[in-house]
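Residue-level structure breakdown
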Amino acid sequence: MIVLHISGHCIETSAKKRYEELLSYLLKNEDEEKEKELEFLLEFLKEANFFELRREGFDGREEMTVIVKKEENKFVVERLS
């Protein structure tokens, strides 16, 4: 499960930015939880249907915070705020 902030760019870009942040952090630090988050993000980036997610409103036109989780081998995105 991860939390992403979407503002001015779509969910895919937010996920890529978070991935880059985590990768940069992990090159300097050891953190098992962050490694798991990085693995989850990589799987999300490879498997999610970003066209559909943008169509559902996660396109960056509206600022929001979302949670991404996996349920029954499917990614689920829920808006938090």
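Worth saying up front: this structure is predicted, and the values here are computed from it rather than measured.

1. Thoughts on the pattern of salt bridges
Applying the stated criterion across every chain yields a total of eleven salt bridges. Residue Glu37 pairs with Arg18 through a salt bridge whose shortest N-O separation is 3.0 Å. With a gap of 19 residues between them, Glu37 in helix α2 (residues 32-47) and Arg18 in helix α1 (residues 11-28) connect regions that are remote in the sequence. With a relative accessible area of 21%, Arg18 lands in the partly exposed category. A salt bridge links Arg55 to Glu52; the shortest N-O distance between them is 2.5 Å. Taken as a pair, Arg55 and Glu52 lie in helix α3 (residues 50-55) at a separation of three residues, close to a single helical turn. Taking the relative accessible area as the measure of exposure, Arg55 reaches 57% and is therefore exposed. One network of salt bridges, in which partners are shared, links Glu12, Lys16 and Arg54.

2. A short note on the packing of aromatic side chains
All chains considered together, the criterion is met by three aromatic pairs. Consider the rings of Phe40 and Phe75, whose centres lie 5.5 Å apart with planes at 75°: the pair is edge-to-face. Taken together, the positions of Phe40 in helix α2 and Phe75 in strand β3 (residues 74-79) put the pair 35 residues apart, joining distant regions of the chain. Accessibility classification places Phe40 together with Phe75 in one group, the buried group. When the centroid spacing of 5.2 Å and the interplanar angle of 65° are considered together, the rings of Phe44 and Phe75 count as edge-to-face. Taken together, the residues span a long stretch of sequence, with Phe44 in helix α2 and Phe75 in strand β3 at a distance of 31 residues. Of the two residues, Phe44 and Phe75, both sit in the buried class. Here the aromatic residues Phe40, Phe44, Phe50 and Phe75 are joined through ring pairs into a cluster of three or more. The residue whose ring lies beneath Lys34 is Tyr25, and the NZ or CZ to ring-centre distance is 5.9 Å.

What counts as what
- Residues numbered from 1 in each chain as written.
- Predicted model: local features only at pLDDT ≥ 70, side-chain atom pairs only at ≥ 80, totals over all residues.
- Heavy atoms only, no water.
- Salt bridge = Lys/Arg side-chain N within 4 Å of Asp/Glu carboxyl O.
- Helix = DSSP H or I, 4+ residues; strand = E, 2+ residues; numbered from the N terminus.
- Buried < 20%, exposed > 50% of the residue type's maximum accessible area, 1.4 Å probe, protein only.
- Phe/Tyr/Trp six-rings, centres within 6.5 Å; stacked < 30°, edge-to-face > 60°.
- Lys NZ or Arg CZ within 6 Å of the ring centre and 35° of its normal.

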